[in-house]
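A closer look at the structure
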Amino acid sequence: MTTSDDVKDVKKAPAKDPWDLPDVSGLVVGVLGGTGDQGRGLAYRLAKAGQKVIIGSRAAERARTAAEELGLGIEGLDNAECARRSDIVIVAVPWDGHAKTLEALREELAGKLVVDCVNPLGFDKQGAYALKPEEGSAAQQAAALLPDSRVTAAFHHLSAVLLSDPEIEEIDTDVMVLGEKRADTDIVQALAGRIPGMRGVFAGRLRNAHQVESLVANLISVNRRHKAHAGLRVTDV
Ligand SMILES: NC(=O)c1ccc[n+]([C@@H]2O[C@H](COP(=O)([O-])OP(=O)(O)OC[C@H]3O[C@@H](n4cnc5c(N)ncnc54)[C@H](OP(=O)(O)O)[C@@H]3O)[C@@H](O)[C@H]2O)c1
């Protein structure tokens, strides 16, 4: 005889281990604005970890030069071709060029997993401060402009200096990963976890991306006071 407890047992799927993440080693990662400090740093670390990486640029020639300098099998293409050829596309352009870049690539980015790492910041005599994008955050602006893409946000708190330093083997930091679909944030967490020392931690939906982007202004203050390249760790997980 089936009791109501048995039915409950059948219905209740076992809780998924948050560290049980997919194998992303076969996915191609593109980096829009990959000729810049952050894009180069991420491209270098991901390629070093064995990921196939394509650097994107507004000018294919600049991307090719950056890719040749980095080696590790990295390719350089214009942003549109980079988006077309990649499974995961990291957006690493300055906030000023964010909307225009994404609007122009809507078709190429359709169906792709987009990872936005853009921090909308202003700078004045008092230092860095968070801007307030109309959509709420850079990530929400990306989601609004790319209705056919799977938009996530991550990699905001990394130091491009540390990422690019070949003397540094491990990047001692957590990466907050935000997005609407668990399957997508799991992939981004797994991607972050490919880099030695780094961990991707799920940190909520895109409506909470503003705080994560803004926190970089605080990290810049820490860095200025300590002449450091501060990162973040989430404890007790
Ligand atoms: N630097 C860091 O430590 C760091 C850390 C975390 C997150 N981020 C975020 O990552 C993004 C890139 O930072 P970054 O320091 O690498 O910036 P960057 O060097 O100033 O720019 C990155 C690349 O974007 C392209 N670009 C420049 N202006 C553009 C525009 N108006 N429209 C489209 N593309 C443009 C350029 O490539 P081409 O000329 O070759 O197209 C440039 O090499 C920023 O949004 C930043 O908030 C940076």
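These numbers were taken from a predicted model, which means no experiment stands behind them.

One way to put it is that helix H5 (residues 95–104) packs onto helix H6 (residues 138–145) with a least axis distance of 9 Å and a crossing angle of 15°. Taken together, the axis directions place H5 and H6 in an arrangement best described as roughly parallel. As H5 packs across H6, the resulting crossing turns out to be right-handed. Residues Trp95, His98, Ala99, Leu102 and Glu103 of H5 form the contact with H6, whose own contacting residues are Ala138, Gln141, Ala142 and Leu145. Considered class by class, the residues forming the contact of H5 with H6 number six nonpolar, two polar and one charged.

With that settled, consider the site of the ligand. By nearness alone, 21 residues border the ligand, and Thr35, Gln38, Ser57, Arg58 and Val93 come closest of all. At 3.1 Å, a backbone N or O of Gly36 approaches an oxygen atom of the ligand. Contact distances for the ligand include 2.9 Å between an oxygen atom and a backbone N or O atom of Gln38. Surface burial for the ligand is 75%, taken as the share of its 870 Å² of free accessible area covered by protein chains. Those elements that provide at least two residues to the shell around the ligand are helix H2 (37–48) and H5. If one sorts the elements of the shell around the ligand by residue count, H5 sits on top with three residues. When its residues are assigned to classes, the shell around the ligand shows nine nonpolar, nine polar and three charged.

Ranked by internal contacts, the top residues of the largest apolar core, which has 33 residues, are Ile90, Phe155, Val175 and Met198. At the level of secondary structure, the elements contributing two or more residues to this core comprise strand E1 (28–32), H2, strand E2 (52–57), helix H3 (60–70), strand E4 (88–91), strand E5 (113–116), strand E9 (173–179) and helix H8 (182–193). At five residues, the largest contribution of residues to this core is made by H8. What Val175 contacts, discounting residues up to four positions off in sequence, is Ala154, Phe155, Leu158, Ala192, Met198, Arg199, Gly200 and Val201.

Further remarks concern the pairing of strand E10 (residues 198–202). Inspection of the sheet shows E9 paired to E10 by five bridges, in the parallel sense. Pairing of Met176 across the sheet is with Val201, part of E10. Once you follow E9 into H8 and on to E10, the crossover reads as right-handed.

Attention now goes to the side chain of Thr185. Topologically, Thr185 is positioned in helix H8. Side-chain polar atoms of Thr185 contact the backbone oxygen of Arg182, separated by 3.2 Å. Look past the residues within four positions of Thr185 in its chain and what remains in contact with it is Val177, Leu178, Gly179 and Phe202.

Below, the discussion takes up the packing of aromatic side chains. Throughout the structure, instances matching the rule amount to zero aromatic pairs. Positioned above the aromatic ring of Phe202, the side-chain terminus of Arg182 is 4.4 Å from the ring centre.

As a further point, take the environment of Ala99. Relative to the elements of secondary structure, Ala99 occurs in helix H5. C-alpha of Ala99 to C-alpha of Gln141: the two residues are 42 residues apart in sequence and 7.3 Å apart in space.

Moving on, we come to H6. Within H6 the residues assigned to the buried category are Ala138, Ala139, Gln141, Ala142 and Leu145. The arc that holds the buried residues of H6, viewed along the axis, is 160°, so those residues lie on one side. Looking at the buried side of H6, the elements it contacts are H5, E5, strand E8 (150–153) and helix H9 (209–226).

Moving on to the pattern of salt bridges. Taken as a whole, this structure holds 13 salt bridges when the rule is applied. Its salt-bridge partner being Glu81, residue Arg84 comes within 2.3 Å of it at the nearest N-O pair. Taken together, the residues Arg84 and Glu81, both in helix H4 (residues 79–85) and three residues apart, mark about one turn of the helix. Several salt bridges converge on common partners, so that one network encompasses Asp172, Asp174, Arg199 and Arg233.

Taken N-terminus to C-terminus, the directions of H2 and H3 make an angle of 45°; their axes are 11 Å apart at the nearest point. Taken together, the axes of H2 and H3 are oblique relative to one another. By crossing handedness, the relation of H2 to H3 is classed as right-handed. Residue-level contacts link Arg40, Ala43 and Tyr44 of H2 to Ala66, Glu69 and Leu70 of H3. Class assignment of the residues belonging to the contact of H2 with H3 gives a composition of four nonpolar, no polar and two charged.

How each quantity is defined
Residues numbered from 1 in each chain as written. Predicted model: local features only at pLDDT ≥ 70, side-chain atom pairs only at ≥ 80, totals over all residues. Heavy atoms only, no water. Axes fitted to C-alpha atoms, helices over the stretch in contact; angles between N-to-C directions. Helix = DSSP H or I, 4+ residues; strand = E, 2+ residues; numbered from the N terminus. Parallel < 35°, antiparallel > 145°, perpendicular 65-115°, else oblique. Left-handed = near helix turned anticlockwise from the far one by under 90°. Contact = heavy atoms within 4.5 Å. Nonpolar A, V, L, I, M, F, W, Y, C, P; charged D, E, K, R; others polar. Near = heavy atom within 4 Å. Polar contact = N/O pair within 3.5 Å; in protein donor to acceptor, adjacent residues only side chain to side chain. Areas by Shrake-Rupley, 256 points an atom, 1.4 Å probe, with all protein chains shown as cover. Core = buried A, V, L, I, M, F, W, Y, C linked by side-chain atoms within 4.5 Å. Buried < 20%, exposed > 50% of the residue type's maximum accessible area, 1.4 Å probe, protein only. Pairing = 2+ DSSP bridges. Right-handed = clockwise from strand over helix to strand, strands pointing away. Phe/Tyr/Trp six-rings, centres within 6.5 Å; stacked < 30°, edge-to-face > 60°. Lys NZ or Arg CZ within 6 Å of the ring centre and 35° of its normal. Arc of directions from axis to C-beta. Salt bridge = Lys/Arg side-chain N within 4 Å of Asp/Glu carboxyl O.

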